[in-house]
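# Report on the structure
The primary structure of each chain is shown beneath.
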Amino acid sequence: MINSRINKNLLKAILIMNLAMLLLFVICNSLFDNGQISVINLSIFLASLISSDLGIYLFFKWGINNFSVFIILYGISLAVNTFHLSSMQTVKTIADFYYLFFGGFLFSLFLLWGEKQNKRGIIDTKIYLSADMVADVLLVLYVLLYINIFSRTGIRLFSGQYISKQTPSFIIPGASGAAAMLTWVLLMLIPKVKTYKKILIVGITILFSGIFMFKRGDIMRILMFTILYYMFDNKKKIFSTKFLKNIVFILLTLIIVFFSLGNLRTKMRGSGTETESDISIDNLIKGNVKMGNAGWIYAYTAINFDVLKLYYTESPENKFSTLLLPIKRISGGNKSVEDFINRPSDLMKRGINGLNGATFLSNYVLDLGILFILEIAVLGFIVAFLIRITKYYSCTGPYIFILLLTAITVMGDYYTVPNYVYSLCVGIVLDVFTIKRANYNRLVHACRQ
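Now for a description of the structure that goes with this document. Quantities reported herein were computed from a predicted structural model and do not represent experimental measurements.

Attention now moves to unusual backbone geometry. Trans is the common state for peptide bonds, and a negative phi is the common state for residues other than glycine. The phi dihedral of Phe214 falls on the positive side, at around 50°, and the residue is not glycine. By secondary structure assignment, the location of Phe214 is in the loop between helix H7 (195-212) and helix H8 (216-233). In this structure, Asn318 is a non-glycine residue whose phi angle is positive, near 60°. Within the secondary structure layout, Asn318 lies in the loop between helix H12 (304-309) and helix H13 (325-341).

A few words now on the environment of Trp296. If you trace the backbone, Trp296 turns up in helix H11 (residues 295-300). For Trp296, a relative accessible area of 2% puts it in the buried group.

Turning to the packing of H8 against helix H17 (residues 396-407), a few remarks are in order. In a packed pair of helices, the relevant descriptors are the angle between the two axes and the axis-to-axis distance. Put simply, H8 and H17 touch, their axes get as near as 9 Å, and they point 120° apart. Judged on the interaxial angle alone, H17 and H8 are oblique. Of the two elements, H8 crosses H17, and the hand of that crossing is right-handed. Touching Arg221, Met224, Phe225, Leu228, Tyr229 and Phe232 of H8 are Thr396, Gly397, Tyr399, Ile400, Phe401, Leu403, Leu404 and Ala407, all from H17. A breakdown of the residues in the contact of H8 with H17 according to their chemical character gives eleven nonpolar, two polar and one charged.

A separate point is the packing of aromatic side chains. Per the stated rule, a full pass over the model turns up 33 aromatic pairs. On the numbers, 5.5 Å between centres and 80° between planes, the contact of Trp184 with Tyr420 is edge-to-face. Highlighted residues: Trp184 in helix H6 (residues 175-188) and Tyr420 in helix H18 (residues 418-433), separated in sequence by 236 residues. Summarising the burial analysis for this pair, Trp184 and Tyr420 share the class buried. Pairwise contacts between aromatic rings join Phe70, Tyr74, Phe107, Phe305, Phe360 and Tyr415 into one cluster. For the cation-ring pair, Arg216 lies above Trp296, with the distance from its terminal atom to the ring centre recorded as 5.6 Å. Sitting above the plane of the Trp113 ring, Arg388 keeps its charged end 4.6 Å from the centroid.

Next up on the list: the side chain of Asp132. Within the fold, Asp132 resides in helix H5 (residues 131-153). Within polar-contact distance, the side chain of Asp132 engages the backbone nitrogen of Lys194 at 3.2 Å.

Below, the discussion takes up a nonpolar patch on the surface. A surface patch of nonpolar side chains, about 1,000 Å² in accessible area, is lined by Trp113, Phe320, Leu324, Ile327, Ile370, Leu371, Leu374, Val378, Phe381, Ile382 and Phe385. By residue number, the principal contributor to the nonpolar patch is helix H16 (residues 372-392), which donates five residues. Within the secondary structure layout, Val378 lies in helix H16.

With that settled, the discussion passes to H8. For H8, with 18 residues, the first-to-last C-alpha span of 26 Å sits near the 26 Å given by 1.5 Å per residue. With 13 of 18 residues buried, H8 lies mostly within the body of the structure.

Time to look at the packing of H6 against H7. Remark: H6 packs on H7, axes separated minimally by 10 Å, with the N-to-C direction vectors making an angle of 165°. Put simply, H6 runs roughly antiparallel to H7. In the packing of H6 onto H7, the handedness of the crossing is left-handed. Contacts from Thr183, Leu186 and Leu187 in H6 reach Ile201, Val202, Thr205 and Ser209 in H7. Classifying every residue of the contact of H6 with H7 gives four nonpolar, three polar and no charged.

Tracing the backbone shows Ser209 in helix H7. With relative accessibility at 2%, the residue Ser209 sits in the buried group. A distance of 2.7 Å separates polar atoms of two side chains, one belonging to Ser209 and the other to Asp218. With sequence-adjacent residues up to four places away left out, Ser209 is seen in contact with Tyr142, Tyr146, Thr183, Lys215 and Asp218.

Another point: H6. Here H6 is 14 residues long and its end C-alpha atoms lie 20 Å apart, about the 20 Å a rise of 1.5 Å per residue gives. Burial analysis of H6 places ten of its 14 residues in the buried class, the great majority of the element. Ala175, Ser176, Ala179, Leu182, Thr183, Trp184, Val185, Leu186, Leu187 and Met188 are the residues of H6 that are buried. Looking at the packing, one finds that the buried side of H6 touches H5, H7, H8, H17 and H18.

Calculation rules
- Residues numbered from 1 in each chain as written.
- Predicted model: local features only at pLDDT ≥ 70, side-chain atom pairs only at ≥ 80, totals over all residues.
- Heavy atoms only, no water.
- Helix = DSSP H or I, 4+ residues; strand = E, 2+ residues; numbered from the N terminus.
- Buried < 20%, exposed > 50% of the residue type's maximum accessible area, 1.4 Å probe, protein only.
- Axes fitted to C-alpha atoms, helices over the stretch in contact; angles between N-to-C directions.
- Parallel < 35°, antiparallel > 145°, perpendicular 65-115°, else oblique.
- Left-handed = near helix turned anticlockwise from the far one by under 90°.
- Contact = heavy atoms within 4.5 Å.
- Nonpolar A, V, L, I, M, F, W, Y, C, P; charged D, E, K, R; others polar.
- Phe/Tyr/Trp six-rings, centres within 6.5 Å; stacked < 30°, edge-to-face > 60°.
- Lys NZ or Arg CZ within 6 Å of the ring centre and 35° of its normal.
- Polar contact = N/O pair within 3.5 Å; in protein donor to acceptor, adjacent residues only side chain to side chain.
- Patch = residues over 30% accessible without salt bridge, like charges linked within 9 Å, V, L, I, M, F, W, Y side chains within 5 Å.
- Areas by Shrake-Rupley, 256 points an atom, 1.4 Å probe, with all protein chains shown as cover.
- Salt bridge = Lys/Arg side-chain N within 4 Å of Asp/Glu carboxyl O.
- Expected span 1.5 Å × (residues − 1).

Here is the structure:
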């Protein structure tokens, strides 16, 4: 995918980026009171930056893939964390190199193995359904489910209660879970349906799951799924000017939406006595420099590594819990999930000035402490196996969904969220039994001959 001229320009661009990042590392850690130019902090910075360089190179060589998506976002976020742009960040130690860098790097090796699957196969099910017809049925069911939910709970957007972090009064056991699953199952059908239906699915899921339920997270994840699909579907055009312009425009739009929703939610959750400056993102992250709206990106990525540090300062539970959550949810119901969520101590829940995202590693550190890499290795194998399966059988929708979960690992662990696990399983099964409308029509015509 990379010719010699592009390869040379790419390496030059990576070198320039590295020099700029190194310069920022030195400047920030020299100027800030909590700055740290030490062997440990520099080692974390360089290891993270070099790892992200490999991810960037393989992204342009292979196209979009889980390894590149993970190592670029995780590596750059951790590298920027070493700048100490927030005054709340603390000094790095050798333990931080192990927990923050090595844990993520080990996981990335499994993703690399998963992406090395280049063979293709097919399951002859003897039964094939039109993806468009399946999408039609699921869309109707999806809308009816939400109408049923809203008729019993009201619409959160219009309730005046959207400033609350907890929304149990807007959840109907069973129906809400099914509707949430259908959101992702519908999105996984996008690669196989007509263009107008792709737009319809994205629009309806954002409207019901995102806007009516006032869930910024769902809006962002649905938009991210759409972007990842666009990048995957156009991976052969990755070096075209039009493709790069479209990606820049889409990403800028996504960032603006993210900033706007973040500011809106922060203002709404104020106590009513704060001024606008009191509840700004700069105040929230206590930045050493004013970052403005860019502070939202820092708050949801780089500073999460400092929140993760809270998890290995306390004693672990010394048992596998996180990987078993989807199974426990089936046998133990919602209570098992609530018990799991309530495991962290008050210190961990509070996080740093209310910022409590702790990357995807946090639950595994809470499980096994210093031995968390054992559980990470099992998780890595499972995710890599699913990547290989979806690539082998060309299950594009489920593969994009795994890409989405990989892209948000720096914010938290979504791989083991029961609803997402069930959605992925259903998505893979549907992908095997559904085909595009044109192929379906040809199959029907052949059977009638």
